[in-house]
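Descriptive structure summary
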Amino acid sequence: VSRFGYTVRGFGAMIADRVRTEAYEAALARTVGPTSVVLDVGTGTGYMALLACRLGARHVYAVEPNDAINLGRAAARASGMGDRITFIQGFSTRIELPERADVIVSDLRGVLPLAAPHLPSAIDLRSRLLAEGGVMIPLSDTIWVAPVEAEEQHRRITAPWTEHAAGLDLTASLRAALNDWEKTRFAPEQLLAQPQVLATLDYRTLTSSSVDATLSWTVERESSGHGLAVWFDARLLDGIGFSTAPHAPLTIYSQGYFPWLRPVALRPGDRVSARMTAHLVSNEYVWGWETRVEGRDGSMEHFKQSTMLARMLSPELLRLHAHDHRPVLADEGRVARLVLERMDGSVTVGEIATELQLRFPGRFAGWKEALSYVGELSEAYSS
Ligand SMILES: C[S@@+](CC[C@H](N)C(=O)[O-])C[C@H]1O[C@@H](n2cnc3c(N)ncnc32)[C@H](O)[C@@H]1O
């Protein structure tokens, strides 16, 4: 298991997604030549870095915070490419390279391209690490949205708090659950209107990590509406890309489902509009979707939803983040401070663990627990 996100099997599943991987292979084959310096950002187990190297790149830099990078190193050695690929464990925003890259290849998306820290990373890569006239793969992603009939998906979200409520009032949990979005797979027949573009993220010109757009649709058939389906079309290079749409072959990304608070009976000609926002807050996307459904018979529905309402934040936690809060070090802070203060190169991790046990009796079950606590701080903050 890795410390940052994906497991080795997760990386394997991405490589096994032939729709995605073959498009990337074609994009690399078109751009990488013997003079190319390539930067593979988020290399994972090193797959794209090795491909670029095999295509003859002069040098490849492969960057990844996940420990899977060690598997990339092993693969490069096993393939006789060890001297042409430089592996750097860390985030691209914190690294320097001895030269700029002619080709920067990455897939830092999640289900959707709006996945932290994708967009800030792309903006930084373009301005700091891309050579003049260099190429970013992908070039752009276009995000699509359409209202959907999704009885099964909606019910999966609501059932624990309604059908299984056992007479209890679980409304608060129901509301929180309906203010989150999830990965799912839709059939094309579930779409109720022509998809509309939420945003085109052009990585050559992008300057903002936020999205804020209002879309509207005309319902095409009598149905029950349950929310919004969201997906994207990836343009890796001109003429090379893939789609994660419901009508396209299934990819590892699937689609996103943004539920409504309750099903809405829809008839042809009804108007649905939604303002969708996505803002990066503390390295996490906060999504908002405010929907209005205007029936031709004059009926009106209005839902205002946000992933903030799914977060279950307590007022106490919010108080600690407030700009005018004056923080006072608590017990846990004193434990951490002692460890950080001891990191001056004169004592070992084991010695710090021993001192911790003495100074904070009862905080750790034993020396081994204290040792792993110090080990984690050592990993994060020492060299
Ligand atoms: C979707 S995986 C792609 C893995 C691999 N490139 C592939 O295509 O099979 C994204 C990887 O990017 C890494 N990552 C995300 N942002 C990054 C950044 N700014 N710098 C370096 N790695 C990053 C994540 O840790 C994750 O392992």
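Whatever comes next refers back to the structure up there.
Keep in mind it's a predicted model, so treat the numbers as computed, not measured.

Notes on helix H1 (residues 8–16)
Inspection of H1 places Gly10, Phe11 and Met14 among the buried residues, and these make up the whole buried set. Buried residues along H1 cover an arc of 100 degrees about the axis, so they all sit on one side. Opposite the buried face of H1, at more than 90 degrees from it, the exposed residues are Val8, Arg9 and Ala16. In this fold, the buried residues of H1 make contact with helix H2 (18–31).

Side note on the sheet that holds strand S3 (residues 85–88)
One open sheet accounts for five strands, arranged S3-S2-S1-S4-S5; its pairing is parallel. Of all strands in the sheet, those bounded by a partner on one side alone are S3 and strand S5 (130–137). Recorded for the sheet is a direction-independent mean angle of 20 degrees between the axes of neighbouring strands. Pairing analysis gives four bridges linking strand S2 (residues 59–63) to S3, with the strands arranged parallel. From the neighbouring strand, tyrosine 61 faces S3, where its bridge partner is threonine 86. The sheet strands contacting H2 are strand S4 (101–106) and S5, and the helix crosses S5 at an angle near 155 degrees.

Brief notes about the sheet that holds strand S15 (residues 300–306)
Strand order in this open sheet of four strands is S9-S13-S14-S15, and the pairing throughout is antiparallel. Bordering the open sheet on either side are strand S9 (211–218) and S15, each of which pairs with just one other strand. Between one strand axis and the next, the sheet turns through 10 degrees on average, direction left out of account. Relative to strand S13 (residues 271–281), S9 is paired through eight bridges, and the arrangement is antiparallel. Note that in S13 the partner of valine 211 across the bridge is alanine 278.

Describing unusual backbone geometry
Of note, the amide linkage connecting alanine 116 to proline 117 takes the cis form, showing an omega dihedral of -5 degrees. Assignment of secondary structure puts proline 117 in the loop between S4 and helix H5 (118–129). Proline 138 follows isoleucine 137 through a cis peptide bond whose omega is 10 degrees. Note on placement: proline 138 falls in the loop between S5 and strand S6 (140–148). Here serine 282, not a glycine, exhibits a phi torsion of approximately 45 degrees, which is positive. Summarising the element assignment, serine 282 is placed in the loop between S13 and strand S14 (284–294). Within the chain, methionine 312 stands out as a residue other than glycine whose phi angle is a positive 60 degrees. Position of methionine 312 among the secondary structure elements: in the loop between S15 and helix H8 (315–321).

Focus on the layout of surface pockets
There is about 890 Å³ of room inside the largest pocket. Forming the boundary of the largest pocket are 37 residues, of which Tyr6, Met14, Asp107, Leu108 and Arg109 lie nearest the centre. It is H1 that contributes the most residues to the lining of the largest pocket, four residues altogether. Looking at the lining of the largest pocket, its residues break down into 18 nonpolar, 13 polar and six charged.

Things to note about H5
Taking 1.5 Å of rise per residue, twelve residues should cover 16 Å, and H5 covers 15 Å from first to last C-alpha, within 8% of that figure. His118, Leu119, Ser121, Ala122, Ile123, Asp124, Leu125, Arg126 and Leu129 are the residues of H5 that are buried.

Notes on the pattern of salt bridges
Applying the stated criterion across every chain, the model contains 22 salt bridges. The salt bridge partner of arginine 342 is glutamate 355, with a shortest N-O separation of 2.7 Å. Separated by 13 residues along the polypeptide, arginine 342 in helix H9 (residues 331–342) and glutamate 355 in helix H10 (residues 349–359) bring together distant segments of the chain. Relative accessible area serves as the criterion here: at 25%, arginine 342 is assigned to the partly exposed category. Here the residues in one salt-bridge network are Arg20, Asp107, Arg109 and Asp141, joined through shared partners.

Criteria and thresholds
- Residues numbered from 1 in each chain as written.
- Predicted model: local features only at pLDDT ≥ 70, side-chain atom pairs only at ≥ 80, totals over all residues.
- Heavy atoms only, no water.
- Buried < 20%, exposed > 50% of the residue type's maximum accessible area, 1.4 Å probe, protein only.
- Helix = DSSP H or I, 4+ residues; strand = E, 2+ residues; numbered from the N terminus.
- Arc of directions from axis to C-beta.
- Contact = heavy atoms within 4.5 Å.
- Pairing = 2+ DSSP bridges.
- Axes fitted to C-alpha atoms, helices over the stretch in contact; angles between N-to-C directions.
- 1 Å grid on protein atoms, 1.4 Å probe; cavity = no way out; pocket = protein on both sides within 12 Å on 5 of 7 lines; lining within 4 Å.
- Points joined across faces, edges and corners; volume = space filled by probe spheres on them.
- Nonpolar A, V, L, I, M, F, W, Y, C, P; charged D, E, K, R; others polar.
- Expected span 1.5 Å × (residues − 1).
- Salt bridge = Lys/Arg side-chain N within 4 Å of Asp/Glu carboxyl O.

Treat this as a map of the structure, not an account of what it does.
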